[in-house]
Amino acid sequence: AEALGTEPINYYKGKFDLLVEFGKEREIREMDPDYRLLGKLNSRGVIVTAPGSDVDFVSRFFAPQVGIDEDPVTGSAHTTLTPFWSERVGKKVLDAQQLSSRGGKLNCKLLGERVLIGGKTARYLDGFLTISDSSSNEVKQHLAINTIKSSRALRSQYEFLYKIKSILRFYRNV
């Protein structure tokens, strides 16, 4: 509570992040967190959320632990938020808004254990990643990369590298 500057209703520990629930959109919108204190928490990031006035729920995502004070729009956070809010509002299709300074609206759909997330984006990088078998230098996979961003600012270098690391981890396990 001290790091976020206001008292939450409840908090939950997810796989990677802490989810902190508040009662009003205004609390999320006006939140002025202490990034130094948030950076000491044992999690990748902190998701704060509340019911929305024009959408089903609102959120913000803080991750100073990994070099991102506040992420503008966080798809991975919405994979946690969607089942959380789906249960509370009794809907499988939800409209969400991330209230960072850049902000973004998302459409989230709960499909069993999966979440589909949509919204407006703009492409900022196209390319190919070649994954080689280091023991024989034989090319094992050719992977197309289409990375997207908001039209207003580039994603952080860390976030891009995190995505590549996740892709590589997936291909190692295939």
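For the structure, check the block above.
Residues numbered from 1 in each chain as written. Predicted model: local features only at pLDDT ≥ 70, side-chain atom pairs only at ≥ 80, totals over all residues. Heavy atoms only, no water.

Engineer: How do you make sense of the pattern of salt bridges when you look at a structure like this?
Structural biologist: Side chains that carry opposite charge are capable of pairing whenever their charged atoms lie near each other. With the rule as written, the count across this model stands at seven salt bridges. In this structure, the salt-bridge partner of R36 is D34, at a minimum N-O distance of 3.6 Å. On the basis of relative accessible area, R36 is assigned to the exposed category, the value being 53%. (Salt bridge = Lys/Arg side-chain N within 4 Å of Asp/Glu carboxyl O. Buried < 20%, exposed > 50% of the residue type's maximum accessible area, 1.4 Å probe, protein only.)

Engineer: Before we go on, may I ask you to explain the nonpolar core in this structure?
Structural biologist: A general trend in soluble globular proteins is that nonpolar side chains are found buried together. Counting residues in hydrophobic clusters, the biggest one holds 16 residues, and the most contacted among them are L4, F22, I28, M31 and V48. Elements with a contribution of two residues or more to this core: β2 (17–21), α2 (35–38), β3 (45–51) and β4 (57–63). Counting residues per element, this core draws most heavily on β3, which supplies three residues. The residues touching V48, leaving out its near neighbours within four places in the chain, are L4, V20, F22, I28, M31, V58, S59, R60 and F62. Within the second largest apolar cluster, 15 residues are counted, among which are F57, I68, L81 and L94. (Core = buried A, V, L, I, M, F, W, Y, C linked by side-chain atoms within 4.5 Å. Helix = DSSP H or I, 4+ residues; strand = E, 2+ residues; numbered from the N terminus. Contact = heavy atoms within 4.5 Å.)

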